[in-house]
Amino acid sequence: AKSLGKGRFELYDPGMHELAASRLALENRLRRALHENEFVVHYQPIISLSEGGIVGVEALVRWRKSETELVYPDGFISVAEETGLILFLGMWVLREACSTMVRWHKEFPRTPELTVSINVSALQFAQNDFVQQVSKVLRETGIRPETVSLEITESVSMTNSEHTMTVLARLRALGVRISIDDFGTGYSSLAYLHRFQLDTLKIDRSFVAQLDDSKEGLHVVQSIMDLAQNLGLNVVAEGAENARHVAQLTAMGCEFAQGFYYSRPVEAGALSALLEEQGQQ
Ligand code: C2E
Ligand code: CA
Ligand code: CA
Ligand code: CA
């Protein structure tokens, strides 16, 4: 450590330097990836437990870094958020997912209500022109707004609640739906929940995983479902990985689920094939 005078020291840590350099390299690489169209959207079905069919999909971004490398969000989302690149990436995902859904609505006219859920980062949500940008994408893609669900996390929704309430109201006025993602993992906010104009709570998969090993897990999921019912909200359980999860969720009256038991997130083409299959049943 070198002294900066009276009681102040700066720690020089070569490890930190390398970290900063590699983040900068990643940032530059991500910029190029955006420019060169290396991102792809995968889609994971959301299933109606009572009817058994696909009622929607969640759009999940991946980075096709090279022919052999597919990078998952945990490899780039945090850097994209820190550098602001998520603003461009997020809008790209919104546009891409909406255009794809418009195509599916045409291709599969028997599922006009099929919804597309899109993750919105806190930084996007905080932009002054976020609502305008969403509106522009709706207009340009021609998607029916009520088939779009924007997923925001609990922490986004609960910070600066006046601003949040205004933005949510304006989004609702556009006709889109709002889901709270990873519900139960943020700091709780039950006092405000009824003031937001929400449609859906998504139960975080950590709670569904706990269905395996404890009565407590069951109670947590049941409590979230009771809460949702009292507020008139839909519930989607995430991370349904096996038949037992599905049976338990169904028994508790959960209406929608998403998870590897049904399908992993897949490319648009593979999701088309699933919709095709469903149409033939
Ligand atoms: P998330 O929004 O909670 O998305 C669900 C994640 O759970 C996905 O991971 C999905 O592949 C995974 N998952 C689904 N079913 C199961 C299951 O049964 N078991 C297990 N173990 N996992 C399951 P993925 O695609 O790696 O995405 C991770 C996170 O990255 C997302 O979590 C979301 O927070 C973020 N993300 C993904 N795409 C976007 C995007 O376009 N924009 C933003 N802002 N964030 C995104
Ligand atoms: Ca999500
Ligand atoms: Ca989630
Ligand atoms: Ca999550």
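Residues numbered from 1 in each chain as written. Chains lettered and ligands numbered in written order. Predicted model: local features only at pLDDT ≥ 70, side-chain atom pairs only at ≥ 80, totals over all residues. Heavy atoms only, no water.

- As annotated in an unreviewed UniProt entry, the chain carries the name Diguanylate cyclase (GGDEF)-like protein and comes from Paeniglutamicibacter cryotolerans.

**Focus on the overall build of the chain**
And step 1. Counting its regular elements, the chain contains 12 helices and 11 strands.
And step 2. In terms of overall size, the chain behaves like a compact globule, its C-alpha atoms giving a radius of gyration of 21 Å where 281 residues would be expected to give roughly 19 Å.
And step 3. Expressed as lengths along the three principal axes of its C-alpha atoms, the size of the chain is roughly 70 × 45 × 40 Å.
And step 4. For the chain, the residues scored as buried account for 45% of the 281 residues in total.
And step 5. The contacts of the chain with a sequence gap of at least 6 include a subset with a gap of at least 24, amounting to 67%.
And step 6. Approximately 14700 Å² of the chain is accessible, and the part contributed by carbon and sulfur atoms is 52%.
And step 7. Counting 26 positive and 36 negative side-chain charges, the chain places the averaged centre of each group 6 Å from the other. (Helix = DSSP H or I, 4+ residues; strand = E, 2+ residues; numbered from the N terminus. Rg over C-alpha atoms; globule rule 2.2 N^0.38 Å. Buried < 20%, exposed > 50% of the residue type's maximum accessible area, 1.4 Å probe, protein only. Contact = heavy atoms within 4.5 Å. Areas by Shrake-Rupley, 256 points an atom, 1.4 Å probe, with all protein chains shown as cover. Lys, Arg positive; Asp, Glu negative; His and termini not counted. Charge placed at Lys NZ, Arg CZ, Asp CG, Glu CD.)

**Quick word on the coordination of the calcium ion (ligand 4)**
And step 1. Protein ligation of the calcium ion (ligand 4) involves D182 (OD) and D182 (OD), the donor distances falling in the range 2.8 to 3.1 Å.
And step 2. Taken as a pair, the calcium ion (ligand 4) and the calcium ion (ligand 3) lie 3.6 Å from each other and share D182 as a ligand.
And step 3. As for its placement among the helices and strands, D182 is situated in strand β8 (residues 177–183). (Donors = N, O, S within 2.8 Å, 3.2 Å for Na, K, Ca; no water.)

**A look at the pairing of strand β7 (residues 148–153)**
And step 1. Taking burial as the measure, the 6 residues of β7 include 5 buried ones, the bulk of the element.
And step 2. Across 4 bridges, strand β6 (residues 115–119) lies against β7 in parallel orientation. Opposite N119, over in β7, you have E151 as the bridge partner.
And step 3. With 5 bridges connecting them, β7 and β8 associate as parallel partners. Of the residues in β8, the one forming a bridge with I152 is I180. (Pairing = 2+ DSSP bridges.)

**Digging into the pairing of strand β9 (residues 200–203)**
Strand residues, when the strand is regular, have side chains that alternate between the two faces of the sheet.
And step 1. Residues T200 and K202 of β9 are buried on one face, and the alternating residues L201 and I203, pointing to the opposite face, are buried as well.
And step 2. Bridging between β8 and β9 involves 3 bridges; their strand directions are parallel. Following the sheet pairing, F183 is matched in β9 by I203.

**A word on the packing of aromatic side chains**
And step 1. What the rule picks out here adds up to 6 aromatic pairs.
And step 2. Geometrically, the ring pair formed by F39 and F76 is tilted, given 5.5 Å between the ring centres and 55° between the ring planes. Linking F39 in strand β3 (residues 39–48) with F76 in the loop between β5 (70–71) and α2 (77–83), this pair joins segments that are 37 residues apart in sequence. Exposure class is identical for F39 and F76. Each is buried.
And step 3. On the numbers, 5.1 Å between centres and 75° between planes, the contact of Y261 with Y262 is edge-to-face.
And step 4. With relative accessibility at 40%, the residue Y261 sits in the partly exposed group.
And step 5. Judged by relative accessible area, which is 28%, Y262 ranks as partly exposed.
And step 6. One aromatic cluster is present, formed by F39, W63 and F76 through successive ring pairs.
And step 7. Taking NZ or CZ as reference, R264 lies 3.9 Å from the ring centre of F260, over its face. (Phe/Tyr/Trp six-rings, centres within 6.5 Å; stacked < 30°, edge-to-face > 60°. Lys NZ or Arg CZ within 6 Å of the ring centre and 35° of its normal.)

**Structural notes on unusual backbone geometry**
In terms of backbone geometry, most residues other than glycine have negative phi values and most peptide bonds are trans.
And step 1. Despite not being glycine, N37 has its phi angle at roughly 60°, a positive value.
And step 2. Note that N37 resides in the loop between α1 (14–35) and β3.
And step 3. Note on N37: relative accessible area 56%, which makes it exposed.
And step 4. Within the chain, D182 stands out as a residue other than glycine whose phi angle is a positive 55°.

**Things to note about the site of ligand 1**
And step 1. Close to ligand 1 lie 21 residues; R62, D181, R205, E241 and F260 are nearest.
And step 2. In this structure, E58 approaches ligand 1 through a side-chain N or O atom, which is 3.2 Å from an oxygen atom.
And step 3. Interatomic distance of 3.0 Å between a side-chain N/O atom of N119 and an oxygen atom of ligand 1.
And step 4. Taking 810 Å² as the accessible area of ligand 1 by itself, protein coverage stands at 81%.
And step 5. Breaking the shell around ligand 1 down by element, the ones donating at least two residues are β4 (54–64), α3 (85–107) and β8.
And step 6. The greatest single-element share of the shell around ligand 1, amounting to 4 residues, is contributed by β4. (Near = heavy atom within 4 Å. Polar contact = N/O pair within 3.5 Å; in protein donor to acceptor, adjacent residues only side chain to side chain.)

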